[in-house]
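Close look at the chain arrangement
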Amino acid sequence: MSESAVVDKDAVGVGERQYHIAVAPGEVSSVALLPGDPFRVPLVAEFLTDVKTVAHNREHMTMTGWYKGRHITATSTGMGCPSTAIAVEELIRVGVTSFIRVGSSAGLQPGVKPGDLLVSEGALRNDGTTAAYAHHGFPAVPDLQIALTLAEIARELTSGTDAAVHSGINASDDAFYAETPEWIAELNRLGVLNVEMESAALYVVARLRGVRAGMICSTSSNLIDGTSLYSGVKEALKEGWMRSIEAALETAVRLEL
Ligand SMILES: O=P(O)(O)O[C@H]1O[C@H](CO)[C@@H](O)[C@H]1O
Ligand SMILES: O=c1cc[nH]c(=O)[nH]1
């Protein structure tokens, strides 16, 4: 095989309908909110007017609409860094330049309770995908202005409620059920605030491709104090999702993303 026959993945899909997300250039806005779960894309749409369902292929559902004069896209990433990297790469190819993940995440410090909002200041890269992109020392960090604005707006939105806003470093793990008590204790000892499964890919791909990214999550559970487990907390979790979506939308407006 001649060298010229080897596929250059950087050139794949440019200017075309995308292979996995099934979205074409011109169908989305410059900013995208990214829940993991496709069933949460309609939750973003509840805040929007003139809503359109653009595509739903595999775990990637995309809807668009308008919020306070800004065109907004919501696309689900699926769970984990491999599908997140694909969604982000393909959304960049169709014109997205800013991303805000609106996720769920487990607390790792005492006092973090279901429904609290967690604003990411950086991710510990405990995933396989980003190792394929960059040296293990390469930082996984959000756009600082997006992170600070998310925290400021989240505090405004939760003032007078039971929900608290926490900012800090999160872990981005690959294997939900391989998080041992020892690993959870180690993350706690390091002062890591929370753990989720997509931010490493989001941040590393965004930095390498020259676009902006941030993350705000609702707390699903607390892995340290054991007062909440993965059941019976859904209402608080959902309230947190709605507040995190609103904080992301207001950030898009304030920063003109
Ligand atoms: O609810 P989402 O946004 O998918 O986020 C969290 O939920 C999943 C694990 O339950 C992982 O994807 C994790 O990051
Ligand atoms: O949301 C998450 C992600 C990883 N591990 C958890 O316990 N929860």
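As a convention, each chain's residues are numbered from 1 in the sequence order in which they are written. A letter from A marks each chain and a number from 1 marks each ligand, given out in the order of writing. Given that this is a predicted model, residues contribute local features only at a pLDDT of at least 70 and side-chain atom pairs are listed and counted only at 80 or more, while totals for whole chains, interfaces and linings are drawn from all residues.

Digging into the pairing of strand S7 (residues 165-173)
Each pair of strands is called paired provided DSSP finds at least two bridges between the two strands. The secondary structure listing takes helices from DSSP runs of H or I that are at least 4 residues long and strands from runs of E that are at least 2 residues long, numbered from the N terminus. Sheet topology places strand S6 (residues 117-126) next to S7; nine bridges connect them, and they run parallel. The partner of Arg125 across the bridge, within S7, is Ser172. When S7 meets strand S8 (residues 194-196), the two strands line up parallel, connected through three bridges. The residue of S8 that forms the bridge with Asn170 is Asn194. A crossover gets the label right-handed when its path from the first strand over the helix to the second runs clockwise, viewed with the strands pointing away from the viewer. Read from S7 through helix H4 (residues 181-189) to S8, the crossover connection turns out right-handed.

Some remarks on the site of ligand 1
In this text, near has one meaning. A residue is near a molecule or strand if its C-beta atom, placed using the backbone, is within 6 Å of it. If you check the shell around ligand 1, you find Pro35, Gly36, Asp37, Met79, Gly103, Ser104, Phe176, Glu196, Met197 and Glu198 and nothing else. Each residue belonging to the shell around ligand 1 can be placed in one class, and the counts come to four nonpolar, three polar and three charged. For this scheme, ten residues count as nonpolar: Ala, Val, Leu, Ile, Met, Phe, Trp, Tyr, Cys and Pro. Four count as charged, namely Asp, Glu, Lys and Arg, and the remainder, Gly too, count as polar.

A closer look at helix H6 (residues 234-254)
Between its first and last C-alpha atoms H6 spans 30 Å; for 21 residues at 1.5 Å apiece the expected length is 30 Å, and the two agree. Here exposure depends only on C-beta density: within 10 Å of a residue's C-beta, 20 or more other C-beta atoms make it buried, 12 or fewer make it exposed, and intermediate numbers make it partly exposed, the C-beta atoms being placed from the backbone. Within H6 the residues assigned to the buried category are Gly240, Trp241, Arg243, Ser244, Ile245, Ala247, Ala248, Leu249, Glu250, Thr251 and Ala252. With its phi angle positive at about 50°, Glu256 sits one or two positions after the end of H6. Expected helix span is taken as 1.5 Å per residue step, with the number of steps being one fewer than the number of residues.

Some thoughts on the packing of helix H2 (residues 81-93) against helix H5 (residues 199-209)
Angles run from 0 to 180 degrees between N-to-C directions of axes, and those axes are lines fitted to C-alpha atoms, restricted for helices to the stretch in contact. Relative orientation of the contacting elements H2 and H5 amounts to 30°, with a least axis distance of 8 Å. Of the two possible hands of crossing, H2 and H5 adopt the one that is right-handed. Residues Cys81, Thr84, Ala85, Val88, Glu89 and Ile92 of H2 lie in contact with H5, whose contacting residues are Ala200, Ala201, Leu202, Val205, Ala206 and Arg209. Partitioning the contact of H2 with H5 into residue classes produces nine nonpolar, one polar and two charged. If you view the pair so one helix is near and one far, a crossing is left-handed when the near helix is turned anticlockwise from the far one by less than a right angle, and right-handed when it is turned clockwise. Any two residues are considered in contact once their C-beta atoms, placed from the backbone, lie within 7 Å.

Re the site of ligand 2
Inspection of the region around ligand 2 gives Ser104, Ser105, Ala106, Asp173, Phe176, Glu179, Val195, Glu196, Met197, Ser220 and Leu223 as its neighbouring residues. Mapped by element, the contributors of at least two residues to the shell around ligand 2 are strand S5 (98-107) and S8. Classifying every residue of the shell around ligand 2 by side-chain character gives five nonpolar, three polar and three charged.

Observations concerning the confidence of the model for the chain
Looking at the chain as a whole, the pLDDT averages 96, with 98% of positions reaching at least 70. Per-residue pLDDT, averaged within each element of the chain, yields its smallest value for H6 (96) and its largest for strand S1 (residues 31-34) (99). Complex prediction metrics read pTM 0.97 and ipTM 0.98. Each residue gets a pLDDT score, which is the predictor's confidence in that residue and runs from 0 to 100.

Some words on helix H3 (residues 144-158)
With 15 residues, H3 ought to run about 21 Å at 1.5 Å a step, and its terminal C-alpha atoms sit 21 Å apart, in line with that. For H3, the complete set of buried residues consists of Ile146, Ala147, Thr149, Leu150, Ala151, Ile153 and Ala154. Looking one or two residues beyond H3, the residue adopting positive phi is Gly160, at roughly 80°.

Quick word on the environment of Gly13
Relative to the assigned elements, Gly13 resides in the segment before S1. Looking at Gly13, the number of C-beta atoms within 10 Å reads 18, which means it is partly exposed. Counting along the chain gives 130 residues from Gly13 to Asp143, while the straight-line C-alpha distance between them is 26 Å. Apart from the residues lying within four places of it in its own chain, the contact partners of Gly13 are Gln18, Tyr19, Glu90 and Arg93.

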